[in-house]
Amino acid sequence: MQEYISKQQQILRPAEQIYAAISRFDNLTPALADRVEEWQADEEHCSFKAKGFTVKLRMEERAEPKHVKIVGDQGGVPVDFAFWIQLHKVSESDTRLRIVLHAELNMMMKMMIGSKLQGAVDQIAEGIAKAMNS
């Protein structure tokens, strides 16, 4: 299984506040509904279309206010993966965020999309940080 780790991002908010936002898919609706096609979400599950593919995700684990683990849900992406959104509380108003993606890719897929996955985890972490800092 390959591992992709985002660059650490600083968010000038309490870890508990960030955790409350990222621990439920339905909290992400305002930020994502207009960026992807067919966005649907409740607390535990979400689905959307990206580049013609339906993606289904499920919250698998939560540890307040340290991390959430998200995995592919049945009928979604044909790749076995999980990703963690990790929060590290530096002070009451300074939290560091990092995304760690684990994906089961064969050699050909790794060569084709490995660098794109690294860029994607960096971009997602940066996007969350920007949204939470504004």
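Okay, so let's go over this structure. Please read these numbers as outputs of a predicted model, since none were measured by experiment.

Conventions and cut-offs
Residues numbered from 1 in each chain as written. Predicted model: local features only at pLDDT ≥ 70, side-chain atom pairs only at ≥ 80, totals over all residues. Heavy atoms only, no water. Helix = DSSP H or I, 4+ residues; strand = E, 2+ residues; numbered from the N terminus. Rg over C-alpha atoms; globule rule 2.2 N^0.38 Å. Buried < 20%, exposed > 50% of the residue type's maximum accessible area, 1.4 Å probe, protein only. Contact = heavy atoms within 4.5 Å. Areas by Shrake-Rupley, 256 points an atom, 1.4 Å probe, with all protein chains shown as cover. Salt bridge = Lys/Arg side-chain N within 4 Å of Asp/Glu carboxyl O. Pairing = 2+ DSSP bridges.

Take the overall build of the protein next. Each helix and strand counted, the protein has 3 helices and 8 strands in total. Secondary structure elements in the protein, listed N-terminal to C-terminal, are β-β-α-α-β-β-β-β-β-β-α. Against the compact-globule benchmark of 14 Å for 134 residues, the protein has a radius of gyration of 15 Å, which places it among compact chains. If one aligns the C-alpha atoms of the protein with their principal axes, the spans along those axes are about 45 × 30 × 25 Å. Looking at the protein residue by residue over its 134 residues, the buried ones come to 34%. Sequence separation of at least 24 residues holds for 47% of the intrachain contacts in the protein that already meet a minimum separation of 6. Accessible surface computed for the protein: about 8,100 Å², of which carbon and sulfur atoms make up 53%.

On to the pattern of salt bridges, then. Considering all chains together, one arrives at 11 salt bridges under this definition. Here Glu-43 ties to Arg-24 by a salt bridge, and the two come within 3.3 Å at their closest N and O atoms. Within this pair, whereas Glu-43 is found in the loop between strand S3 (37–41) and strand S4 (45–50), its partner Arg-24 is found in the loop between helix H1 (15–22) and helix H2 (29–32), the two being separated by 19 residues in sequence. One connected set of salt bridges, linked through shared partners, spans Arg-58, Glu-60, Lys-69 and Asp-73.

Pairing of strand S6 (residues 67–72) with strand S7 (residues 81–91), which is carried by 5 bridges, proceeds in the antiparallel orientation. What sits directly across from Val-68, in S7, is Ile-85. Looking at chain direction, S7 and strand S8 (residues 94–103) are connected through 10 bridges and run antiparallel. Paired with Ile-85 across the bridge in S8 is Ile-99.

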